[in-house]
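Remarks on the overall topology
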Amino acid sequence: MNVIPDIATLVGELGCAPDEALLLQALTHRSYSYEHGGLDHNERLEFLGDSVLGIAVTTKLFSDFPDFDEGKLARHRAALVSTLALADIARRIGLGQYLLLGVGEERSGGRDKDSILADTLEAIIGATYISCGPDHARDLVLRLIAPLEQDSARFGVAIDPKTHLQELAATRSLTLRYEVESEGPDHARTFTATVSVGDACQATGTGSSKKHAEMAAALAAWNVLTDE
């Protein structure tokens, strides 16, 4: 099994000490499992963590924004639990360095793929729920999403970056062009999208589907153009 660097740092981010075997499972991508005799991987924990994440974020938004209608609450929740937002959180805590990946995923840059980072973060939330209880899991979620709550621009952009990029390009009379390539086996295909915004910028993004790759590329381009 791979050596995981400085695991104590990751445990410190969680605010509790999950069962070590469960934490390792949360960090184990299915590609690593397939190459090591079918070890338990993180997809079941991801399923649990997704639900824990959803209820924690929903409850907080319901409490914090009593004047929001159902539609506005849903849009805010979608932004905070999106793959792009979760991947940003994962990068902030350095999650990529702890991943257990198969050789193919390692070579294709899996440690920085939005989909893998987001899924692993959800799995860790699930592991925290089982090991430390619902209160610790809720507190972990709220602590992780706090920085995103302060960035109101992310709410809309993270939900539909392609539309926001299209609108931004239109205000500058720029045209958009997307190109998508894919690689890998059918069960673990990776898509890479490149978006060109006139002559202003070009950005790329990866994902487990064409849609997610284009969204990641659009968000990257939107960030470049709005940082100018």
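Quantities reported herein were computed from a predicted structural model and do not represent experimental measurements.

Basis of the calculations
Residues numbered from 1 in each chain as written. Predicted model: local features only at pLDDT ≥ 70, side-chain atom pairs only at ≥ 80, totals over all residues. Heavy atoms only, no water. Helix = DSSP H or I, 4+ residues; strand = E, 2+ residues; numbered from the N terminus. Rg over C-alpha atoms; globule rule 2.2 N^0.38 Å. Contact = heavy atoms within 4.5 Å. Lys, Arg positive; Asp, Glu negative; His and termini not counted. Charge placed at Lys NZ, Arg CZ, Asp CG, Glu CD. pLDDT = per-residue confidence, 0-100. Axes fitted to C-alpha atoms, helices over the stretch in contact; angles between N-to-C directions. Parallel < 35°, antiparallel > 145°, perpendicular 65-115°, else oblique. Left-handed = near helix turned anticlockwise from the far one by under 90°. Nonpolar A, V, L, I, M, F, W, Y, C, P; charged D, E, K, R; others polar. Disulfide = S-S within 2.5 Å. Buried < 20%, exposed > 50% of the residue type's maximum accessible area, 1.4 Å probe, protein only. 1 Å grid on protein atoms, 1.4 Å probe; cavity = no way out; pocket = protein on both sides within 12 Å on 5 of 7 lines; lining within 4 Å. Points joined across faces, edges and corners; volume = space filled by probe spheres on them. Core = buried A, V, L, I, M, F, W, Y, C linked by side-chain atoms within 4.5 Å.

**Topic: the overall build of the protein chain**
Helix and strand counts for the protein chain come out as twelve helices and three strands. Taken over the C-alpha trace, the protein chain has a radius of gyration of 18 Å; the compact-globule value for 228 residues is 17 Å, and the two agree within 12%. For the protein chain, the C-alpha atoms occupy an extent of roughly 55 × 45 × 30 Å along the three principal directions. For the protein chain, long-range pairs separated by at least 24 residues make up 57% of all intrachain contacts whose partners lie at least 6 apart in sequence. Charged side chains of the protein chain number 20 positive and 34 negative; the gap between the two group centres comes to 3 Å.

**Re the confidence of the model for the protein chain**
In the predicted model, the protein chain carries a mean pLDDT of 88, and the fraction of residues at 70 or more is 94%. Across the protein chain, helix α4 (residues 43-64) holds the top mean pLDDT of 96, while helix α10 (residues 153-159) sits lowest at 63.

**Some points on the packing of α4 against helix α5 (residues 70-80)**
Where α4 contacts α5, the axes come no closer than 10 Å and their chain directions differ by 135 degrees. When the interaxial angle is binned, α4 and α5 end up oblique. α5 is crossed by α4, and the crossing has right-handed handedness. Residues G54, V57, T58, L61 and F62 of α4 touch α5, and the partners they reach there are L73, H76, R77 and L80. By residue class, the composition of the contact of α4 with α5 is five nonpolar, three polar and one charged.

**Some remarks on the state of the cysteines**
Think of a disulfide as a covalent bridge from one cysteine sulfur atom to another cysteine sulfur atom. According to the stated counting rule, one finds one disulfide in the structure shown. The disulfide that involves C16 links it to C132, with 2.0 Å between the sulfurs. Torsion about the S-S bond of the C16 and C132 cystine: about 85 degrees, corresponding to right-handed handedness. Of this pair, C16 sits in the loop between α1 (7-14) and α2 (20-26) while C132 sits in helix α8 (residues 114-132), placing them 116 residues apart in sequence. Both residues of the pair, C16 and C132, belong to the buried class.

**A short note on helix α6 (residues 83-92)**
The complete set of buried residues in α6 reads L84, A85, L86, A87, I89 and A90. With its phi angle positive at about 70 degrees, G94 sits one or two positions after the end of α6.

**Describing the layout of surface pockets**
Of the volumes computed, that of the largest pocket is approximately 250 Å³. Along the wall of the largest pocket there are 17 residues; nearest its centre are H29, R30, S115, I116 and D119. Of all elements in the fold, only α4 and α8 reach the threshold of two or more residues within the lining of the largest pocket. The element that contributes the greatest number of residues to the lining of the largest pocket is α8, accounting for four residues. Across the lining of the largest pocket, the residue classes tally to two nonpolar, eight polar and seven charged.

**Digging into the nonpolar core**
L95 and I124 are the most contacted members of the largest nonpolar core, which totals 38 residues. By residue number, the principal contributor to this core is α8, which donates eight residues. Not counting chain neighbours up to four residues away, the residues in contact with I124 comprise L10, L14, L23, A26, L27 and L95. In this structure, F191, V195, V197 and A221 belong to the second largest nonpolar core, which totals 19 residues.

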